[in-house]
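# Coordinate analysis (summary)
The chain contents come next:
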Amino acid sequence: MSEKKPFSLPVVGEVDRRTTLKAGAATLGLAAWAAALKPMVEWASSLDRDEFFQKHYRELTREQLQVILHKLTFEARKETGKPVTVKDHKPIPGVVFAYALNLSICIGCRKCAEACHVENNHDRPSNQSYIRVFEMQKGGIDFEKGNTTYDRPVPGKDKYYMPVQCQQCENPPCVSACPIEATWQESDGIVVVDYNWCIGCRYCEAACPYHARRFNWTKPEVPPDEVNPNQSYLSNRIRPQGVMEKCTFCLHRTREGRMPACLEACPTGARVFGNILDPDSEIRWVLENKRVFVLKEELGTKPRFYYFFDK
Amino acid sequence: MSTTPLPALSYLRFLRQSLHVATEGGWVFYTWMFVLTAVALVGANAWAVQVRDGMIRTNMTDHVSWGLYIANFTFCVGLAAGGVMMVIPAYLYDDHEMHDVVIIGELLAIAAIVMSTLSVVVDLGRPDRFWHMIPGIGKFNWPISMLTWDIIVLNGYLLINLHVVGYLLYMRFLGRKPNPIWYIPFVYLSIFWAISIHTVTAFLYCGLGGRPFWNTALLAPRFLASAFVSGPAFILLVMRVVRLGSDLPIQPGPSRLLVQIIRVAAAINLLMLFSELFTLFYAGGSHLASAKYLFFGDHGKYGLVPWIWSAVVLNLVGTVLFFTPAAIQRSKTRLVACLCVIVGIWIEKGMGLIIPGFIPSTLHEVVEYSPSLTEWKVTAGIWAFGLLILTAMLRVAVAVFTDEMKLTEATELTPATEMP
Amino acid sequence: MLGRDALMLSLVVVMSAGCSRSAPAPIELPDPVGPPRFPVVIRKPLEAPKILTGSVDEKGNPISIGCATCHTTNPSNPEARLGTLLTKFHQSLRGQHGHLTCISCHNPDEGYASLRLADGKRLPYSEVMQLCAQCHGPQYRDYLHGAHGGMTGYWDLSRGGRERNNCVDCHHPHAPRYPTVMPARGPNDRFQTRGSHE
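In this text, all values refer to a predicted model and were calculated from it rather than measured experimentally.

## Looking at the overall build of chain A
- Across its full length, chain A carries 10 helices and 12 strands.
- In terms of its C-alpha atoms, chain A occupies a principal-axis envelope of roughly 95 × 45 × 35 Å.
- Within chain A, counting contacts between residues at least 6 apart in sequence, those at least 24 apart form 64% of the total.
- Accessible area of chain A: about 12900 Å², with a carbon and sulfur share of 56%.
- Between the centroid of the 43 positive side chains of chain A and the centroid of its 39 negative side chains there is a distance of 2 Å.

Below you can see the structure in the form of structure tokens.
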């Protein structure tokens, strides 16, 4: 090797030996880099070419979206062996959703959080849910005295309970934060995430004042027989690893006219849901007749999730 | 340019010689580069595993959703902005001695920007979707999202510095006098731009109404003040290494000036930190929660207390040392002072500012955070990689400025170009 | 004693659940003019409850009897409230529901086989909500406006109906305070310790 003149660098002396050594070191170095990055290659081989080049949800044509939905459905069926359908639910014209919660009758049973967990195909080991129920101390609305990990009969003495989920703000800070429009507000007020577009920077999670957003720190684990087969592209389909997710007011149900899962699970009827544009809706009656309040009103986020006390 | 027969060829030669010089040195140099490469490899591997297994490899949670990576990102942006403190005296005040070494500051800026960009990339859950951020083919939420502003200013700053440094080195390599039209406007732009990168980075945080600990107008000025301490301090260290490890003549003047700058900036930084803390603690209320947790612990949790008090002590000691007469000389005191403030500010801006923004959470849950081994490895890897390219670039710059590397007839295959 | 109470409670719950499924009856809610709407069905008990005697028949099924079996022959005690004064039957009927006496709600004229309103008007058990509404006006008003009581179904009644609980689905009439329950499993976040705010 040293006999040859591999390539001539314009410096004086010792060119051949040094250059050869350097070339050797460079080869070794490259090999080392390749070895170090090998796990990435394993991961990359699991990626899907079509998904990689997939456009933003709102730029997809009807046909393109149909192809994607078919593919997602097919994959989910293959993976779970259940008759999964991944649909695309569009907002209903003339509907803007709002939610109200009666703090006087909420007993803190966490049935809503549990229903959310099941309905939205949440990761089982972390018992993930879009709803966190705070056990609050009577005498104020002070989250500093709140506790989410209570584990004793409810309602406790001198406690009241405050379930918190996405407030579907009219002025959502998470949407402004996103650098790539992977999260946006739809015409019915629901803030959604395109799981196939999100890059997982988690700026929205930092921006949300209500701890409403969740990140998929790993691929969500749901046993196949527990998978909810009624899925939607923007809501409860099983999320990929490394992207954000959030409460969508169960748009796969509510955009079909049904109640969100958390409302149906509530044993006391503390939850009121409906179309805020319909003057005869229950939610309108609550807003007009109860003294409702929103969380962190001073931030100007204009939540569409209202709380009220009866007594 | 027209006088050069084949500019493309001589530029290729410049690149090839740069590559050659950058990999040329004594055993200290090789050991240093070897160690840095090894650490960078460890970091790359840790990152690859993290991408494969998910961010579960980090200790971040939905409560503390940014950690060591973004902390390090913030510091590195400051480091990059700090380089401007050589550019301002050199170009605005025509300090000739500073002018001779200003390239060190610009090279540091390049390396620091690379480090901050890497820190963001490793923080992404889906780095494969990187192209979604590219304006034109992706969806760029500009001007609404502050993160898009940050992408613009950081890449802009990188390009400006690459251009200025590359142009000056190449001209020197050719033995030609640089044409001011081709770099002076960019130098002035870079001064403005250096301020902007750290301001925009502060706006990332202070623009979030839901995070009272960050939501203060003083954040951007504080970022700048601390950047003008850590940046020059880092440059002082680099200059020391370059002076001892090469033939590049470095006058004592620039270092003295940098120490003066540090004195002012450190004092301002401490003053602003103090007024921030006064506002928080005297007024109290729920805005105090993070600061209370940070400095004294809260709800029986004390995770950040050792960090912040280390930072306070290091910053105070460093600042005091910089005010001693010995710091003006090329002394050990100066080195210690530099190390103190660099580490102190790294903690203050990272573990002391990014992390407490999340503790307690927006709904006042206290979930603690300390970086996982993966995070430490990746961060060390980023630093090693940054130092690697900084060393290589310095090596080339020194070679060009000491005329070790230049386009001469001896090395020339094409006819010689004009010499001044 | 306690066992009897528990039985009684389960009886009410089972009855209301069982009966309403078999024969749901629509209730008229304030309905404005508009597109056709699917019904809002309120689960309701259809008949008077039965009392378990504690003994079983030859097949091992528990024997239960209607109110009138005893009450047609036994005179009622107008003073009695929730078991405190009873000496022969129902001693285990304890509970808390204000200062009500038995005949505040139960109709002694029909051997307790029906309810009666405050004005003495007879009311079948299936219409129990009217009885509750006499005193619990605000709750009833909230209920009518969908702001009290669990429900399932459609928010949009032009697309589907709705099924709602009645008062006694959740509130035991003798001790209407909602019972204390164990909550469902809480969050299992990493690094989140139990009771962090205690």
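## Some details on the interface of chain C and chain B
- The interface is formed by 7 residues belonging to chain C together with 13 residues belonging to chain B.
- A combined buried area of about 810 Å² lies between chain C and chain B, and 46% of that area is made up of carbon and sulfur atoms.
- Along the contact surface separating chain C from chain B lie 4 residue pairs in polar contact (both at pLDDT 80 or more).
- Tallied by class, residues from the side of chain C that touches chain B come to 1 nonpolar, 4 polar and 2 charged.

## Quick notes on the interface of chain A and chain B
- Each partner contributes residues to the interface: chain A has 63 residues there, and chain B has 65 residues.
- Taking both sides of the interface into account, the surface hidden between chain A and chain B amounts to around 5600 Å²; carbon and sulfur atoms contribute 59%.
- Sorting the residues of chain A by area buried against chain B places A:Glu144, A:Tyr203 and A:Trp217 first, and these three jointly supply 14% of that buried surface.
- Remark: the boundary between chain A and chain B carries 8 salt bridges.
- The salt bridge involving A:Arg18 is made with B:Glu24; its shortest N-O contact spans 2.4 Å.
- Between the two partners, chain A and chain B, sit 39 residue pairs in polar contact (both at pLDDT 80 or more).
- Listed by contribution, the elements that provide at least two residues to the side of chain A that touches chain B are helix H1 (15-36), helix H2 (38-45), helix H3 (49-53), strand E3 (132-137), helix H6 (173-177), helix H7 (203-207) and strand E7 (213-215) of chain A.
- Of the residues forming the side of chain A that touches chain B, the biggest block, 6 residues, is contributed by H1(A).
- Within the side of chain A that touches chain B, the residues separate by chemical class into 38 nonpolar, 12 polar and 13 charged.

## Brief notes about the packing of aromatic side chains
- Inspection of every chain in the model, using the stated rule, returns 46 aromatic pairs over all chains.
- Judged by centre distance (5.3 Å) and plane angle (75°), the ring pair of A:Tyr99 and A:Phe249 falls under edge-to-face. Placement of the pair is A:Tyr99 in strand E2 (residues 97-102) and A:Phe249 in the loop between strand E9 (244-246) and helix H8 (251-254), with a sequence separation of 150 residues. We note that A:Tyr99, like A:Phe249, is buried.
- Judged by centre distance (5.5 Å) and plane angle (85°), the rings of A:Trp197 and B:Trp131 are edge-to-face.

## Digging into the pattern of salt bridges
- In the structure shown here, the tally under the stated rule is 41 salt bridges over all chains.
- As a salt-bridge pair, A:Glu282 and C:Arg162 come within 2.7 Å of each other at their nearest N and O atoms. In this pair, A:Glu282 sits in helix H10 (residues 282-289) while C:Arg162 sits in strand E8 (residues 162-164), so the two residues belong to two different chains. Grouping residues by exposure puts A:Glu282 and C:Arg162 together as buried.

## Structural notes on the confidence of the model for chain B
- A residue-level look at chain B finds 96% of positions with pLDDT of 70 or above and a mean pLDDT of 92.
- Here residues 412-420 of chain B is a poorly scored stretch, pLDDT under 50, and it has 17 contacts once near neighbours within four places are set aside; other chains count.

## Structural notes on helix H4 (residues 62-80) of chain A
All names here are of chain A.
- When the terminal C-alpha atoms of H4 are compared, their 26 Å separation across 19 residues agrees well with the 27 Å that a helix rising 1.5 Å per residue should span.
- Residues of H4 that are buried: Leu65, Ile68, Leu69, Leu72, Thr73, Ala76 and Thr80. On an axial view of H4, the arc spanned by its buried residues comes to 135°, and they lie on one face. In H4, the exposed residues that point more than 90 degrees away from the buried face are Glu63, Val67, His70, Phe74 and Lys78.
- Next to the buried residues of H4 lie strand E1 (85-87).

## Structural notes on helix H4 (residues 84-92) of chain B
Residue and element names in this part refer to chain B.
- Burial analysis of H4 places 8 of its 9 residues in the buried class, which makes it a mostly covered element.
- Buried residues of H4: Val84, Met85, Met86, Val87, Ile88, Pro89, Ala90 and Tyr91, and no others.
- Considering only its buried residues, H4 is in contact with helix H3 (68-82), helix H5 (96-121), helix H6 (146-174), helix H7 (180-206), helix H8 (219-245) and helix H9 (252-283).
- A positive phi of about 50° marks Asp94, the residue just after H4.

## Structural notes on the sheet that holds strand E10 (residues 271-275) of chain A
Residue and element names in this part refer to chain A.
- Strand order in the open sheet formed by 4 strands is E10-E2-E12-E11, with mixed pairing between adjacent strands. Either end of the sheet is taken by a strand with one partner, and the two such strands are E10 and strand E11 (292-293).
- Both E2 and E10 contribute to a ladder of 5 bridges, which runs antiparallel. Within E10, the position partnered with Ala98 by the bridge is Gly274.

## Considerations on the packing of H3(B) against helix H12 (residues 332-354) of chain B
Residues and elements named next belong to chain B.
- Where H3 meets H12, the closest approach of the two axes is 8 Å, and the angle between their N-to-C directions is 135°. Regarding the angle of H3 to H12, the classification is oblique. As H3 runs across H12, the sense of the crossing is right-handed. When H3 is examined against H12, the residues Leu68, Ile70, Ala71, Asn72, Thr74, Phe75 and Gly78 are found in contact with a partner set consisting of Ile342, Ile345, Trp346, Lys349, Gly350, Met351 and Ile354.
- Of the residues contributing to the contact of H3 with H12, the split by class is 9 nonpolar, 4 polar and 1 charged.

## What about the side chain of C:Arg162?
- The buried category is assigned to C:Arg162, whose relative accessible area is 5%.
- Polar contacts involving the side chain of C:Arg162 include one to the main-chain carbonyl oxygen of C:Tyr154, which spans 2.8 Å.
- Contact partners of C:Arg162, with chain neighbours within four places excluded, come to A:Met259, A:Glu282, C:Pro39, C:Val40, C:Val41, C:Met151, C:Thr152, C:Gly153, C:Tyr154, C:Trp155 and C:Leu157.

## Things to note about the pairing of E2(A)
- Here E2(A) lies mainly inside the structure; 6 of its 6 residues are buried.
- Burial of E2(A) is two-sided: the residues A:Phe97, A:Tyr99 and A:Leu101 facing one way and the residues A:Ala98, A:Ala100 and A:Asn102 facing the other way are all buried.

## Notes on the packing of helix H1 (residues 7-22) of chain B against helix H13 (residues 373-401) of chain B
Residue and element names in this part refer to chain B.
- Packing of H1 against H13 brings their axes to within 8 Å, and their N-to-C directions diverge by 110°. Classified by the interaxial angle, the pair formed by H1 and H13 is roughly perpendicular. For the element pair H1 and H13, the recorded crossing hand is right-handed. Along the contact surface, H1 presents Ser18, Val21 and Ala22, while H13 presents Ala392, Arg395, Val396 and Ala399.

## Points about the state of the cysteines
All names here are of chain A.
- Inspection of the entire model under this criterion finds 0 disulfides over all chains.
- The cysteine Cys106 is free of any disulfide, with Cys112 supplying the nearest cysteine sulfur at 6.5 Å.
- No disulfide involves Cys208; its sulfur sits 6.1 Å from that of Cys174, the nearest cysteine.

About the thresholds
- Residues numbered from 1 in each chain as written.
- Chains lettered and ligands numbered in written order.
- Predicted model: local features only at pLDDT ≥ 70, side-chain atom pairs only at ≥ 80, totals over all residues.
- Heavy atoms only, no water.
- Helix = DSSP H or I, 4+ residues; strand = E, 2+ residues; numbered from the N terminus.
- Contact = heavy atoms within 4.5 Å.
- Areas by Shrake-Rupley, 256 points an atom, 1.4 Å probe, with all protein chains shown as cover.
- Lys, Arg positive; Asp, Glu negative; His and termini not counted.
- Charge placed at Lys NZ, Arg CZ, Asp CG, Glu CD.
- Buried area = accessible area lost by both parts, 1.4 Å probe.
- Polar contact = N/O pair within 3.5 Å; in protein donor to acceptor, adjacent residues only side chain to side chain.
- Nonpolar A, V, L, I, M, F, W, Y, C, P; charged D, E, K, R; others polar.
- Salt bridge = Lys/Arg side-chain N within 4 Å of Asp/Glu carboxyl O.
- Phe/Tyr/Trp six-rings, centres within 6.5 Å; stacked < 30°, edge-to-face > 60°.
- Buried < 20%, exposed > 50% of the residue type's maximum accessible area, 1.4 Å probe, protein only.
- pLDDT = per-residue confidence, 0-100.
- Expected span 1.5 Å × (residues − 1).
- Arc of directions from axis to C-beta.
- Pairing = 2+ DSSP bridges.
- Axes fitted to C-alpha atoms, helices over the stretch in contact; angles between N-to-C directions.
- Parallel < 35°, antiparallel > 145°, perpendicular 65-115°, else oblique.
- Left-handed = near helix turned anticlockwise from the far one by under 90°.
- Disulfide = S-S within 2.5 Å.

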